[in-house]
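Residue-level listing of the chains:
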Amino acid sequence: MVITPRLTAWYGDDRKSYDSADNNTSSANNWTPELFSLKERIEKEFGNQFNGVLLNLYRDNNDSVAWHRDKESRYGKRPVIASISLGQTRNFDFRKKDHHQSKYSLPLPHGSLLIMKGDLQEHWEHRIAKSRLQMGPRINLTFRLIHAL
């Protein structure tokens with residue numbers, strides 16, 4: 001058993017669940033009006049559909065998410081994930097799956113929206129690293145389309 005170094009919650013359509021890479025399953029909470037409104041705005045602007053959102057609270061500089069790809073079959077072949085950052089700016093690190101020396105960081109300030117799509121999940125890994133600098137809280141909302149298994 002591993003303790004996740006951040007707090008998480010899953011919201012979405014009825015009967016949808018979120019299975020994380022560490023085999024934890026979370027039943028979806030019902031959409032709040034605010035989350036549903038954000039989902040609709042992103043769908044309208046970018047032409048994608050989402051049926052759930054994973055909320056992550058990074059409480060301080062000690063909270064993180066390890067290198068990973070969102071490539072599970074429940075996301076489909078070329079998933080689109082819309083990621084909104086609120087609060088503390090954190091660096092979003094990318095590295096090539098098969099060449100870890102090829103990497104870069106993208107600062108995600110308050111209010112930023114990052115759309116991950118195409119072959120990104122096939123060829124790149126991403127993370128939010130722990131930091132030596134003191135940091136305030138950051139909330140990250142990742143809107144996803146979960147397919148039935």
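Structure's up top.
Examining the overall build of the protein chain
What the protein chain contains, in helices and strands, is two helices and twelve strands. In the protein chain, which comprises 149 residues, the proportion classed as buried is 37%. Excluding contacts between residues fewer than 6 apart, the proportion of contacts in the protein chain whose partners are at least 24 apart in sequence is 74%. Carbon and sulfur atoms form 51% of the exposed surface of the protein chain, whose accessible area is close to 8,900 Å².

Digging into the pairing of strand β7 (residues 81-87)
Across the seven residues of β7, five count as buried, placing the element largely inside the fold. Of the pairings in the sheet, the one linking β7 to strand β10 (residues 113-116) comprises four bridges and is antiparallel in character. Residue pairing for β10: serine 83 is matched across the bridge by leucine 114. Two strands pair when backbone bridges link them, and β7 and strand β12 (residues 138-144) are joined in this way by six bridges, in the antiparallel orientation. Its bridge partner lying in β12, serine 85 is registered against asparagine 140.

Analysis parameters
- Residues numbered from 1 in each chain as written.
- Predicted model: local features only at pLDDT ≥ 70, side-chain atom pairs only at ≥ 80, totals over all residues.
- Heavy atoms only, no water.
- Helix = DSSP H or I, 4+ residues; strand = E, 2+ residues; numbered from the N terminus.
- Buried < 20%, exposed > 50% of the residue type's maximum accessible area, 1.4 Å probe, protein only.
- Contact = heavy atoms within 4.5 Å.
- Areas by Shrake-Rupley, 256 points an atom, 1.4 Å probe, with all protein chains shown as cover.
- Pairing = 2+ DSSP bridges.

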